[in-house]
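Results of the structural survey
Next come the chains, spelled out residue by residue.
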Amino acid sequence: MEIKVKIKNFLFSGMTAALTASALLSGNAMAEKDWPSKSITLVVPFAAGGPTDTVARLIAVPMGQALGQTVVVENVNGAGGTIASTKVARAAPDGYTIYLHHMGMATANALYDKLPYDPMTSFEYIGQVADVPMVLLGKKDLPPNNFKELEAYIKANGSKITMANAGPGAVSQLCGLLFQSRMGVKLTNIPYKGTGPALTDLLGGQVDLLCDQTTQTIPYIKDGRVKAYGTTTMKRLPAIANVPTLDEQGLKGFEVKVWHGMYTPKGVPKPILDKLNAALKKSLNSPDVKKRLEDANIDIVSPDKMTPNGLKTHLEAEVNKWGPIIRKANIPD
Ligand code: MLT
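Here the structure is a predicted model, which is why all the values come from computation and not from measurement. As a convention, each chain's residues are numbered from 1 in the sequence order in which they are written. Residue-level local features of this predicted model are given only where pLDDT is at least 70; pairs of side-chain atoms are given and counted only at 80 or more, and the full residue set underlies all totals for whole chains, interfaces and linings. Hydrogen atoms and water are omitted, and side-chain values are computed over all heavy atoms in the structure.

Comments concerning the environment of asparagine 77
Helix and strand labels come from DSSP, where a helix needs a run of H or I of at least four residues and a strand needs a run of E of at least two; each type is numbered from the N terminus. Considering the arrangement of structural elements, one finds asparagine 77 in the loop between β2 (71-75) and α3 (82-90). Here asparagine 77 falls in the partly exposed class, since its relative accessible area comes to 27%. As a C-alpha pair, asparagine 77 and alanine 47 span 30 residues in sequence and 5.7 Å in three-dimensional space. N or O atoms closer than or at 3.5 Å make up a polar contact, with two conditions inside protein: a donor-capable atom paired with an acceptor-capable one, and, for residues adjacent in sequence, both atoms drawn from side chains. There is a polar contact of 3.2 Å between the side chain of asparagine 77 and the backbone nitrogen of alanine 47. The buried label goes to any residue with under 20% of its type's maximum accessible area, the exposed label to any with over 50%, and the partly exposed label to all in between, with areas taken from a 1.4 Å probe on protein chains only.

Below, the structure written as structure tokens:
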């Protein structure tokens, strides 16, 4: 009798567990089907008004239209993007937190002793977005008028010269410190929460040098409000063809191209990632976004790169590429 009751209880608890699991499954499937049912937060790891923020805000509107919900940009500044990466890695994997970051996702590992996330395992990948070149800029009244004069000026003044950046992990910091390593000099490096505020200070004359993306800088270069000493590309840029590359001026092979990727926390279900990928592609194909990115000399990536695998493969290659370069350049924190 007692055994019979035990078997009955066992069968009943098994049935309850199975029913609960299937209810949960169908609940999840429903949540995925109805996603998105509220606004989505697009985290940006640098200050508002800067290059990453600008790309994010450009694609947020058409992505929101494609998904039928608003995509709200949230700037989570500091520590060269690693604070935002940590926040996103720890966010709920429900598809309501998405993340736009640049190549700092691949370089931070080599710049920090320990990170609370792993770029290769803490995120899901949505796709690559766009590639942005950089320019070495000086404040308007910095004495050197070209790269040759800048080399002599740096030799004479060394650490009296200030160079702005957006913190370890930021591309402005990477570019600036690779430049100093190639010049064999240590300037006084000044961290900001993004190159938006750093560029404001360069325009105001509070800082001497900044290596920044072309996203905001082309109009200032064209109207002479900043000096452009060289681009970080192998070919001159069409929008500022009078500015020589750093490579052609003696810094052979000096190339920093800022690529961007879109991510979510690890564990977001595939149907949601598929919807996000479709919305990203749609936004990058919108004529308005294309035109605005083209005006800033920003290249939208090819369709094969706008995919989860396109981003994952590129990130992996970039982690492997930059680790040894950064260690060899002996870049300090
Ligand atoms: C920004 O948006 O402020 C920049 O991408 C920062 C940087 O990496 O230099």
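Having seen the structure, we can now continue with the description.
Digging into the side chain of histidine 101
Structurally, histidine 101 can be placed in strand β3 (residues 97-102). The class of histidine 101 is buried, set by a relative accessible area of 1%. Beyond its immediate chain neighbours, meaning those up to four positions away, histidine 101 contacts Pro45, Phe46, Gly80, Gly81, Ser85, Trp259, His260, Gly261 and Tyr263. Only heavy atoms enter the contact rule, under which two residues are in contact if any of them lie within 4.5 Å.

Remarks on the pairing of strand β7 (residues 188-191)
Strand pairing follows a simple DSSP-based rule, namely that at least 2 bridges must link the two strands. By the bridge criterion, 4 bridges tie strand β6 (residues 162-165) to β7 in an arrangement that is parallel. Bridge pairing in β7 links asparagine 165 to proline 191. Crossover β6 to β7 through helix α6 (residues 171-183) is right-handed. For crossovers, right-handed means that the path from the first strand over the helix to the second runs clockwise, given strands pointing away from the viewer.

Thoughts on the packing of α6 against helix α11 (residues 308-329)
α11 packs onto α6 with a crossing angle of 50° between their chain directions and a minimal axis gap of 10 Å. For the element pair α6 / α11, the angle class is oblique. When you trace α6 past α11, the crossing you get is left-handed. When α6 is examined against α11, the residues Leu174, Leu178 and Ser181 are found in contact with a partner set consisting of Trp322, Ile325, Ile326 and Ala329. Charged residues are taken to be Asp, Glu, Lys and Arg, nonpolar residues to be Ala, Val, Leu, Ile, Met, Phe, Trp, Tyr, Cys and Pro, and polar residues to be all remaining types, Gly included. Its residues assigned to classes, the contact of α6 with α11 shows 6 nonpolar, 1 polar and no charged. Orientation is described by lines fitted to C-alpha atoms, with helices fitted over the stretch in contact, and by angles between N-to-C directions that extend from 0 to 180 degrees. When describing relative orientation, an angle under 35 degrees is termed roughly parallel and one over 145 degrees roughly antiparallel, while 65 to 115 degrees is termed roughly perpendicular and anything else oblique. When the near helix sits turned anticlockwise from the far one by under a right angle, the crossing is termed left-handed; a clockwise turn instead gives a right-handed crossing.

Structural notes on helix α5 (residues 147-157)
What α5 keeps buried is the set Phe147, Leu150 and Ile154. Projected onto a plane normal to the axis of α5, the buried residues spread over an arc of 45° and lie on a single side. Seen from the open side of α5, the exposed residues pointing more than 90 degrees away from its buried face are Lys148, Lys155 and Ala156. Elements that come into contact with the buried residues of α5 comprise β5 (134-139), α6, β8 (209-213) and β9 (226-231). Phi turns positive, to about 45°, at glycine 158, one or two residues after α5. Working definition: the arc comes from the directions between the helix axis and the C-beta atoms, pointing outward to the latter.

As for the pairing of β8
Along any regular strand, the residues point their side chains to alternate faces of the sheet. Counting buried residues along β8, 5 of its 5 residues qualify, which places the element largely inside the surrounding structure. Of the two faces of β8, the one carrying Leu209, Cys211 and Gln213 and the one carrying Leu210 and Asp212 are both buried. Note that β5 and β8 share 5 bridges and pair antiparallel. Paired with glycine 138 across the two strands is leucine 209, which belongs to β8. Strand direction decides the pairing type here: β6 and β8, joined by 2 bridges, are parallel. Bridge assignment links alanine 164 to a residue of β8, and that residue is leucine 210.

So, the packing of helix α2 (residues 51-67) against helix α10 (residues 287-295)
At their nearest, the axes of α2 and α10 sit 10 Å apart, and the two run at 175° to each other. Considered as vectors, α2 and α10 are oriented roughly antiparallel to each other. For the pair α2 and α10, contact is made by Leu58, Ile59 and Pro62 and by Val289, Arg292 and Leu293, respectively. Considered class by class, the residues forming the contact of α2 with α10 number 5 nonpolar, no polar and 1 charged.

Topic: the nonpolar core
The biggest cluster of nonpolar side chains holds 80 residues, and the ones touching the most others in it are Leu42, Ile98, Val129, Leu150, Phe179, Met262 and Tyr263. Here this core gets 7 residues from one element, more than from any other, and that element is α2. Within this scheme, the nonpolar core is defined by two criteria: the residues are buried Ala, Val, Leu, Ile, Met, Phe, Trp, Tyr or Cys, and they are joined through side-chain atoms within 4.5 Å. Judged by nonpolar contacts, the second largest core, of 15 residues, contains Leu210, Ile218, Ile240 and Val243.

Overview of the packing of aromatic side chains
How two aromatic rings sit relative to each other is set out by the distance from centre to centre and by the angle between their planes. Stacked, edge-to-face and tilted labels apply to pairs of Phe, Tyr and Trp rings (six-membered ring for Trp) whose centres lie within 6.5 Å, assigned for plane angles under 30 degrees, over 60, and everything in between, in that order. Within the structure shown, the criterion is met by 7 aromatic pairs. Between the aromatic rings of tyrosine 125 and tyrosine 263, the centroid separation amounts to 5.9 Å while the plane-to-plane angle is 65°, which identifies the pairing as edge-to-face. Pair noted here: tyrosine 125 is in strand β4 (residues 123-132) and tyrosine 263 is in strand β10 (residues 258-265), with a separation of 138 residues, a long-range link. Assessed through its relative accessible area of 7%, tyrosine 125 is described here as buried.

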